Every structure is written in structure tokens, then in C-alpha cells.
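# Results of the structural survey
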Amino acid sequence: MPIRYFIKQLLLPPGILLLLLALAWWFRRSRPRLAGCCFALGFGGMWLISLPVMVEWGARALETEPPLAREDWSTLAQRADAIVVLGSGRERGDPAWGADQPTGIGLERQRYAARLAKASGLPVLTAGGLHYGTPPSEAELMSVSMRDDFGVTVHWKEEHSRTTWENAQMSAEILLPEGVKRVVVVTQAWHMPRAVWSFEKAGFTVVPAPVGFLGVDNARPLGGWMPEFKSVWQSGQLINEAVGQVGYRLFYR
């Protein structure tokens, strides 16, 4: 797992762009034209992924599932049997809490899922296995947070998955034997198409409940054409998702 993670981080932005800049420095004397090309690609790519407007445009291409209408929250039990909240990693050993915590994205998903659960009365499953190879699982972290922070008791925990595909397959092992075939899936809007595809392949009927839309007006100075550090991270998430959508359809059936 660590080797695959290293390769993935190296081949996707910003890793690949930093590698191009390193190559530009390395070849600056021996192969100046190649160095110039590497520098242009590396520097240009870093500039593009740092622009809020690029995040906005990229997200619009990925966020194909519309938001769940507020007036539909209370009637979700007519369309689904359970709510599934997908994990998003964890913050390692925060001294303020004395333990690992859900990520900011995870808390955003949990908050939305909690609102849906309270409005609809549907039971909740949290999905996510071990991160860094040490317990507790993401599902357990989310379960504790859902209870303590949002007042919702989690009914099931899927604690072994490492990918969205495994989220779906392992959730199916828990839910389908109990007759739960229709699920509300809560995840980021840009991640929702891959999540829906995975859960449908696992045998579920899916009601998408996307949250955290990025394809909205960026509300930044100059329309988002000024570089911003946060956009680098967001662009990385979107590029990773675009690659994931293609990869899933190639490698999973």
C-alpha cells in the first residue's frame, strides 16, 4: 500500500509537476531545450492548478449529480432504506482531541448525513477502513463523531474498505442480507458519479446526496485568476477523481 501511494502521489499533480521542475534544474546545462520544456510544463501546470477558476471549471465537468432538494429530505424513506456516508481519510493524532479525527471533508459529509437522517428517520452506515494501517477505522471515527457531534447513532459500520469500490462491495455484504437495497449515498459532489457507479455495480439502487460542490461561483478577486494555495489541493482532488472515473471503468466490471 505505501508503494502504490507513493507512485500515485508522484504521477498526479502536484507531484508530477514538481518532478518536471526538478528535471528542468537537472538538465539545465546538459540539455537546455529539454530543461526549458520541463520548466514550462511544470511551472505552467502549477500555475493552472493554483487558479480558483480552474477548480470551478474542473468541478463543473465532474459534478454531474444535482443536489438533493431540501423539500425531499423528509420523504427519503419512501425512496431508500438507509443512508451510507463514505469516509475521506483521517487527521492523524490531533493533540487537541488526543486521538485521530475525521477530516474536514468527512465532517462535511457527516453533518449533511446527520441532517438527512434526522429529517427522514433512515438508519446510517459509515464506510471506511483502516488508514495508516492502525485502528480505529474511518467508519468508527465517523460513528463516534456522528453520535457526539451531531446526535445520530450509526446503525452499521463497514470497517475494512480502502477504496470507493470496496466501500460499495463491503457495504453490500452488510446491507443486502438485511434487505437494504436502496441507499442514499453521501459524498462530495465531484466524487458522486464514481460512488453511484460503484454502488449500482454492487447491487444497490442509489439516491445521490452530493455535498461540498466546487463548481459554483468561486467569488474570488479577478474572477479567480489569481493563484491561491487552497486551489492546488482542490485541483489535485479533481484530477485524482477524473483519473479514478476512467480507471474504475477499465479495471472494475
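Residues numbered from 1 in each chain as written. Predicted model: local features only at pLDDT ≥ 70, side-chain atom pairs only at ≥ 80, totals over all residues. Heavy atoms only, no water.

Turning to helix H2 (residues 15–26), a few remarks are in order. Along its 12 residues, H2 runs 16 Å from first to last C-alpha, staying within 8% of the 16 Å computed at 1.5 Å per residue. Inspection of H2 places Gly15, Leu17, Leu20 and Ala24 among the buried residues, and these make up the whole buried set. (Helix = DSSP H or I, 4+ residues; strand = E, 2+ residues; numbered from the N terminus. Expected span 1.5 Å × (residues − 1). Buried < 20%, exposed > 50% of the residue type's maximum accessible area, 1.4 Å probe, protein only.)

Its place among the elements puts Ser50 in the loop between helix H3 (32–49) and helix H4 (52–62). Among the polar contacts listed, one links the side chain of Ser50 to the backbone oxygen of Trp47, at a separation of 2.7 Å. Aside from chain neighbours lying at most four places away, what touches Ser50 is Met226, Pro227, Glu228, Ser231 and Val232. (Polar contact = N/O pair within 3.5 Å; in protein donor to acceptor, adjacent residues only side chain to side chain. Contact = heavy atoms within 4.5 Å.)

On to the packing of aromatic side chains, then. Each pair of aromatic rings is reported with the distance of its centres and the angle of its planes. Tallied over the entire structure, the rule returns 8 aromatic pairs. Their ring planes at 80° and their centres at 5.7 Å tell us that Trp73 and Tyr112 sit as a pair that is edge-to-face. One end of the pair, Trp73, is in the loop between H4 and strand E1 (82–86); the other, Tyr112, is in helix H5 (residues 104–120), and 39 residues separate them in sequence. Both residues of the pair, Trp73 and Tyr112, count as buried. For the ring pair Tyr248 and Tyr252, a centre distance of 4.9 Å and an interplane angle of 80° mean the geometry is edge-to-face. Tyr248 gets classed as buried once you look at its relative accessible area, which sits at 8%. Feature note: the residues Trp165, Trp197, Tyr248 and Tyr252 constitute an aromatic cluster, connected by ring pairs. (Phe/Tyr/Trp six-rings, centres within 6.5 Å; stacked < 30°, edge-to-face > 60°.)

Moving on, we get to the UniProt feature "transmembrane region" (unreviewed entry) in the protein. Within the UniProt annotation, "transmembrane region" (unreviewed entry) is assigned to residues 6–27 and 34–55. Secondary structure across residues 6–27 comprises 82% helix and 0% strand; the distance between its end C-alpha atoms is 24 Å. Helix makes up 91% of residues 34–55 and strand 0%, whereas the separation of the span's terminal C-alpha atoms amounts to 29 Å. (UniProt positions renumbered as here; feature names shortened; annotations may be inferred.)

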